[in-house]
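Fold and contact review
One letter stands for each residue in the lines below.
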Amino acid sequence: MKSYIEERAVAIANYIVNQNATVRQAAKQFGISKSTAHKDCTERLSTINPALAAEARKVLDVNKQERHIRGGLATKDKYKKEKHIHA
């Protein structure tokens, strides 16, 4: 694996752990796709730094459990804004 990919994987994982960020937020921060950010944190990082990979996995698992709640809140906010616009 190329060194810049390893460095990126570590940087993304550190960002996710320190900021309690989602894969989407990390991908936007680093200017890469969500799938690349996810692959860096789950697959590539486990061979580079298993301890950091485990920490990142914990945050990602919590985010995955909460995503349906966040989606519902986003939809609620969307319709609140639309109601104010049309009123």
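Heads up: the structure comes first, above all this text.
These remarks concern the structure in this document. Remember, predicted model here, so these are calculated numbers, not experimental data.

1. What about helix H3 (residues 34–48)?
- In this model H3 runs 20 Å from its N-terminal to its C-terminal C-alpha over 15 residues, within 8% of the 21 Å that 1.5 Å per residue would give.
- Taken together, the buried positions of H3 are occupied by Ala-37, Asp-40, Cys-41 and Leu-45.

2. Details of the side chain of Asp-40
- Tracing the sequence through the fold places Asp-40 in helix H3.
- Overall, the relative accessible area of 0% leaves Asp-40 in the buried class.
- Within the structure, the side chain of Asp-40 is placed 2.4 Å from the side chain of Arg-44, a separation counted as a polar contact.
- Filtering out sequence-adjacent residues up to four positions away, Asp-40 remains in contact with Ile-5, Arg-8, Ala-9, Ile-12, Ile-32 and Leu-45.

3. A look at the nonpolar core
- Ile-12, Ala-13, Ile-16, Cys-41, Leu-45 and Leu-60 are the most contacted members of the largest nonpolar core, which totals 15 residues.
- Among the secondary structure elements, those contributing two or more residues to this core are helix H1 (3–19), helix H2 (23–30), H3 and helix H4 (50–86).
- Counting residues per element, this core draws most heavily on H4, at five residues.
- Setting aside residues no more than four positions away along its own chain, Ile-16 makes contact with Ala-21, Thr-22, Ala-26, Cys-41, Ala-56, Val-59 and Leu-60.

4. So, H2
- Along H2, the positions that sit buried rather than exposed are Val-23, Ala-26 and Ala-27. Angularly, the buried residues of H2 cover 100 degrees about the axis, an arc narrow enough to put them on a single face. Exposed residues on H2 whose side chains face more than 90 degrees from its buried face are Arg-24, Lys-28 and Gln-29.
- After H2 finishes, the residue Gly-31 shows a positive phi value of roughly 70 degrees.

Cut-offs and rules
Residues numbered from 1 in each chain as written. Predicted model: local features only at pLDDT ≥ 70, side-chain atom pairs only at ≥ 80, totals over all residues. Heavy atoms only, no water. Helix = DSSP H or I, 4+ residues; strand = E, 2+ residues; numbered from the N terminus. Expected span 1.5 Å × (residues − 1). Buried < 20%, exposed > 50% of the residue type's maximum accessible area, 1.4 Å probe, protein only. Polar contact = N/O pair within 3.5 Å; in protein donor to acceptor, adjacent residues only side chain to side chain. Contact = heavy atoms within 4.5 Å. Core = buried A, V, L, I, M, F, W, Y, C linked by side-chain atoms within 4.5 Å. Arc of directions from axis to C-beta.

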